[in-house]
Amino acid sequence: MIWNEIESASRKDIENLQLKRLKETVKRVFTLTPFYTDKFNEMNLKVSDIKNLDDIRKLPFTTKKDLRANYPFGLFTVPMSEVVRVHSSSGTTGKPTVVGYTKADMDVWDEVMARVFTMAGASKEDIVHNGYGYGLFTGGLGFHNGAEKIGATIIPASGGMTDRQLMLMRDFGATILAATPTFSLHMAEVAKRVGDDYLKDYKLKAGIFGAEPTSAGLKQEVKDAWGIDYHEVYGLSEIIGPGVASSCKESDLLHVFEDHFLFEIIDSETGEAMPDGERGELVITSLTKEALPLLRYRTGDITSITKEPCKCGRTLQRMESIVGRADDMLIISGVNVYPSQIEHVIAHTKGVTLNYQIIVDKKGHLDKLEIHVEVTDDIMSDSLGEMAIIKKNIQGALLNYLYINANVVLVQPRSIARSEGKAVRIIDKRKENV
Ligand SMILES: [Zn+2]
C-alpha cells in the first residue's frame, strides 16, 4: 500500500511541485530571516533569480555552524507564538542545535512518518514497539506521531531497560519494532540468553531502523536475529527529524520524500553538483517548512541518489544508505559526537592536558567509548582521590553536554602515541571489524 498518491506521481508533476515550493521557500527566508536577507544581498541574488530547479545552485549553503551562530531561534521565520514544538541535538556547554515546528510543520512530519510506516507494511492493525529515545531527540516522538497517524497502536517504550522492553514486546504482541539497529541486535542477544525458542514467542514481522550508519553486515545480522523485514529510515533534526527518506519492501535504497525535501549531491570539496549515481555530500533544501526553512543544508552525509524506477510503484527518487561522513563525526549509540566537542570538555577540565585519545569499540552489539587523557605533571604526583574527581568531572560533563557515556582513563603525561608530533586522536575499532 502507498500512503499518499504523490509518492507515485510523474516526474514532471513532482518537479513542478518542487519548483513552486522552492520559489515560495526562497521568498519566505529572504523576507523573514535577516541571516538569509544578508546572504542574498552579499551575493547580489534576487528571489526572482530562481526560475527553474537548477537555479538552486545559485543559492547559498547553510551549515550547522550557521544554526549554532543563530542559537537558539535566530533562523526561525515565525514568532514563538506559532511554534508548537522545539527539539534539539546534543551540543557542548549549552550550545546545541535547536529546531522548531509550527502546527503545519508537525502535520508534514506526521505525514512523512505515516509514509515510512506504510512503506514498511504497517497499518492500523499493527502494534508498534517504539524503542527510540523520547525527549529533545527527534527519534522517539517522530515515530510516535507517525504510528498514531496511520492508526496503529503505539507502545512508547523509549530507550534502555532491555529486559523490560523484551517483556512488553512479547506480552503486548508487538508486530513492528522501531529502534536503532544496534539496540535491536542487543535486545535479540539478551532474548537469546533466555533460550533458543524464546525469540519464537515474538510476533514481530518488520523493523524500522535508523539514526546510525548501517553496514550491509549489520542489516543482515538484525534480519537474521529477529527473522523480520528490515526497513531503513533516514532523517536529521535540522530538516525535520526521522522521515526524510525510507526503504520499501523491494530494495535497500531509500525513497526520498521529494515533495517536502529537495536533494542535491555535491562534491564536498568544490561544492559542484555530482551526477546521479555518484557519491558525494548530501545537501537538502526544505520545501514546506514554516518555522525553520533551510536552503541547501550541508548534511555532511555521503550518499548517492538514483531516479531508476522501483518495483513498488513509487516514483520518488532513492538514496543509498549513508556510507560515511564528509567530516570526522563519530556516531556512538546513535548520538552524533564531534571529536571537537569532546576536546571542548577536556579543555575546560583542570589537571589534564589536551593530549587525549578517543577509542570507540563494540561490546557485544553496543558501542563503547573510552577516552584516554594525559594528566599534567603535577597531578600525577598527587593523590588518587584527586584523579578520581577529575575522571568523574569529565565523565559527568560528557554525559550532561553530549549525552554520551564514556569511560575516562587518566594516563601519565606523554604516554599517548604520537604521529608526526601529535597524539593520534581517534581509534575507531568498529571500522576495523567491518
Ligand atoms: Zn520502492
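Summary of the structure given here. (Residues numbered from 1 in each chain as written. Predicted model: local features only at pLDDT ≥ 70, side-chain atom pairs only at ≥ 80, totals over all residues. Heavy atoms only, no water.)

Digging into the coordination of the zinc ion
Looking at the zinc ion, the protein donor atoms are Cys248 (SG), His255 (NE2), Cys310 (SG) and Cys312 (SG), and they sit 2.1 to 2.3 Å from it. Note that the zinc ion binds 4 donor atoms; their angles at the metal cover 103 to 116 degrees, and the shape is tetrahedral. Positions of the donor residues of the zinc ion, expressed as sequence spacing, correspond to C-x6-H-x54-C-x1-C. Taken as a pair, His255 in strand β9 (residues 254-256) and Cys310 in the loop between β13 (305-306) and β14 (318-319) lie far apart in primary sequence, 55 residues in all. Cys310 carries the same exposure label as His255, and that label is buried. (Donors = N, O, S within 2.8 Å, 3.2 Å for Na, K, Ca; no water. Tetrahedral: all angles 85-135°; square planar, octahedral: opposite > 155°, others 65-115°. Helix = DSSP H or I, 4+ residues; strand = E, 2+ residues; numbered from the N terminus. Buried < 20%, exposed > 50% of the residue type's maximum accessible area, 1.4 Å probe, protein only.)

A few points about the environment of Asn44
By secondary structure assignment, the location of Asn44 is in the loop between α2 (34-42) and α3 (64-69). According to the relative accessible area criterion, Asn44 is exposed, its value standing at 67%. The spacing of Asn44 and Lys203 is 159 residues in sequence and 59 Å in space, taken between C-alpha atoms.

Examining the nonpolar core
Ranked by size, the top nonpolar core spans 73 residues in total, and within it Phe117, Tyr234 and Met319 carry the most contacts. Considering each element in turn, this core owes the most residues, 9 residues, to helix α4 (residues 103-119). If sequence neighbours within four positions are ignored, Met319 has contacts with Tyr234, Ala245, Leu253, Leu254, Val256, Phe263, Leu282, Thr303, Ser304 and Ile305. If you look at the next biggest cluster of nonpolar residues, it comprises 25 residues, including Leu369, Ile390, Ala397 and Leu402. (Core = buried A, V, L, I, M, F, W, Y, C linked by side-chain atoms within 4.5 Å. Contact = heavy atoms within 4.5 Å.)

Notes on the pairing of strand β2 (residues 98-102)
In terms of residue burial, β2 counts as a mostly covered element, since 5 of its 5 residues are buried. By the alternation rule, side chains of β2 split into Val98, Gly100 and Thr102 and Val99 and Tyr101, which are all buried. Summarising the sheet, strand β1 (residues 83-88) and β2 pair through 5 bridges and their orientation is antiparallel. Residue pairing in the sheet places His87 in a bridge with Val99 of β2. (Pairing = 2+ DSSP bridges.)

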